[in-house]
Amino acid sequence: MALKYQTVFFDFDGVLNYDFFYASLKRDYPLVYNFIEECIFGHGPGVADKWMRGQLTSERINWLINENTGLDYQRLCDYLVQSIKQMKLEVRLLDLAGDLQKRGTSVALVTNNMDIFNEVTIPHHNLDKIFPVIINSCDHGFLKHEEGGRLFDIALQKLKQDSFKKALLIDDSAKVRQVFEDKGGATFAYTVYENFEPWARENLCY
């Protein structure tokens, strides 16, 4: 049976993972957590986007939080790393990525993410043992929907594929999915695994 998709791209946040940075601060230091939610990840100054473009480092982010909340810098570093190590990833999607590769489909992880993703998330969760290609926005200076979706071009080239015609993106972002579709690829609007599984069984021979 011919493969419907030769290449499958997975998103990370909102697909493989739903947990948040600094999660334990919500219980231990709620005012600090509120500051992070509003001023780092909120829609105001775009700090998170700069972090994901590699324009800010995790070290600078933790100093920024320290300067505005007074919480000890090293403690903030510890909370950040701890939150990443405690993330619960969607194992069923990780298993799917492995199964697809066994059947000859190329897979990649393409994510808008930070330096800490390379330093902690990938090694701690063994993502490099699952995905032969991982593209992180902070290594390239732009996000997935920017520059015409060039992060996907980079991933496709690394997978030694030459077309998006038989490529699928599993992503929760409408903006990113539109860019991918403009390249000629197919997308799945991911919300939760239970909604994805019936479609996957029919379209990915799962």
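Here, the structure is the one placed above.
Calculation rules
- Residues numbered from 1 in each chain as written.
- Predicted model: local features only at pLDDT ≥ 70, side-chain atom pairs only at ≥ 80, totals over all residues.
- Heavy atoms only, no water.
- Helix = DSSP H or I, 4+ residues; strand = E, 2+ residues; numbered from the N terminus.
- Rg over C-alpha atoms; globule rule 2.2 N^0.38 Å.
- Contact = heavy atoms within 4.5 Å.
- Areas by Shrake-Rupley, 256 points an atom, 1.4 Å probe, with all protein chains shown as cover.
- Lys, Arg positive; Asp, Glu negative; His and termini not counted.
- Charge placed at Lys NZ, Arg CZ, Asp CG, Glu CD.
- Pairing = 2+ DSSP bridges.
- Right-handed = clockwise from strand over helix to strand, strands pointing away.
- Core = buried A, V, L, I, M, F, W, Y, C linked by side-chain atoms within 4.5 Å.
- Buried < 20%, exposed > 50% of the residue type's maximum accessible area, 1.4 Å probe, protein only.
- Phe/Tyr/Trp six-rings, centres within 6.5 Å; stacked < 30°, edge-to-face > 60°.
- Axes fitted to C-alpha atoms, helices over the stretch in contact; angles between N-to-C directions.
- Parallel < 35°, antiparallel > 145°, perpendicular 65-115°, else oblique.
- Left-handed = near helix turned anticlockwise from the far one by under 90°.
- 1 Å grid on protein atoms, 1.4 Å probe; cavity = no way out; pocket = protein on both sides within 12 Å on 5 of 7 lines; lining within 4 Å.
- Points joined across faces, edges and corners; volume = space filled by probe spheres on them.
- Nonpolar A, V, L, I, M, F, W, Y, C, P; charged D, E, K, R; others polar.

Undergrad: Sorry if this is basic, but what is going on with the overall build of the protein here?
TA: Within the protein one finds 10 helices and 5 strands. The C-alpha radius of gyration computed for the protein amounts to 18 Å, which stays within 12% of the reference 17 Å derived for 206 residues, consistent with globular compactness. Long-range contacts, defined as pairs at least 24 residues apart, comprise 66% of the intrachain contacts of the protein with a sequence gap of at least 6. Carbon and sulfur atoms form 49% of the exposed surface of the protein, whose accessible area is close to 10,300 Å². Side-chain charges of the protein comprise 23 positive and 29 negative groups, with the mean position of each set lying 5 Å from the other.

Undergrad: I tried to follow the pairing of strand 5 (residues 186-189) on my own but got confused; where do I start?
TA: Looking along a regular strand, one sees side chains alternate from face to face of the sheet. Relative to strand 5, strand 4 (residues 167-171) is paired through 4 bridges, and the arrangement is parallel. For isoleucine 170, the partnering residue across the bridge sits in strand 5 and is phenylalanine 188. For the handedness criterion, the β-α-β arrangement of strand 4, helix 9 (residues 174-182) and strand 5 is classed as right-handed.

Undergrad: What exactly am I supposed to notice about the nonpolar core here?
TA: Where a protein is soluble and globular, its nonpolar side chains tend to be buried together. Ranked by internal contacts, the top residues of the largest apolar core, which has 49 residues, are Phe10, Tyr22 and Phe196. In contact with phenylalanine 196, not counting residues within four places along its chain, are Leu93, Leu96, Ile170, Phe188, Tyr190 and Leu204. Counting residues in hydrophobic clusters, the runner-up holds 17 residues, among them Val110, Val133, Leu156 and Ala167.

Undergrad: In this structure, what is going on with the environment of valine 15? I would like to understand it.
TA: Position of valine 15 relative to the elements: it lies in the loop between strand 1 (7-10) and helix 1 (25-28). Contact partners of valine 15, with chain neighbours within four places excluded, come to Glu90, Leu93, Ile170, Asp171, Asp172 and Tyr190.

Undergrad: Which parts of the structure should I look at to understand the packing of aromatic side chains?
TA: Note on aromatic pairs: each is described by the distance of the centres and the angle between the planes. Enumeration according to the criterion identifies 18 aromatic pairs in this entry. For the ring pair phenylalanine 41 and tryptophan 51, a centre distance of 6.1 Å and an interplane angle of 35° mean the geometry is tilted. Pair noted here: phenylalanine 41 is in the loop between helix 2 (30-40) and helix 3 (47-52) and tryptophan 51 is in helix 3, with a separation of 10 residues, a long-range link. An aromatic cluster of at least three residues, connected via ring pairs, comprises Tyr5, Phe188, Tyr190, Tyr193, Phe196 and Trp199.

Undergrad: Please clarify how the packing of helix 4 (residues 58-69) against helix 5 (residues 73-85) should be interpreted in this entry.
TA: The packing of two helices is summarised by the inter-axis angle and the distance between the axes. Where helix 4 meets helix 5, the closest approach of the two axes is 9 Å, and the angle between their N-to-C directions is 125°. As the angle between them shows, helix 4 and helix 5 are arranged oblique. In this structure, the crossing between helix 4 and helix 5 has a hand that is right-handed. Contacts from Ser58, Glu59, Asn62, Trp63, Ile65 and Asn66 of helix 4 reach helix 5 at Tyr73, Leu76, Cys77 and Leu80.

Undergrad: Just to check I follow, could you spell out the sheet that holds strand 3 (residues 133-136) for this structure?
TA: By definition, the strands of a sheet pair up through backbone hydrogen bonds, in either a parallel or an antiparallel sense. Taking strand neighbours across the sheet as the criterion, the 5 strands line up as 3-2-1-4-5 in an open arrangement whose pairing is parallel. Two strands lie at the open edges of the sheet, namely strand 3 and strand 5, each paired on one side alone. Across the sheet, the mean angle from the axis of one strand to that of its neighbour is 20°, orientation sign disregarded. Direction of pairing for strand 1 relative to strand 4: parallel, over a ladder of 4 bridges.

Undergrad: Hey, could you run me through the layout of surface pockets in this one?
TA: Taking a probe equal in size to a water molecule and rolling it over the atoms shows the remaining empty space. Considered as a void within the structure, the largest pocket measures approximately 930 Å³ in volume. Taken together, 34 residues make up the lining of the largest pocket; nearest its centre are Asp13, Phe41, Ala48, Met52 and Asn112. Listing elements by their share of the lining of the largest pocket, those giving two or more residues are helix 2, helix 3, helix 7 (115-124) and helix 9. In terms of residue count, helix 3 provides more of the lining of the largest pocket than any other element does, 4 residues in total. Its residues assigned to classes, the lining of the largest pocket shows 14 nonpolar, 11 polar and 9 charged.

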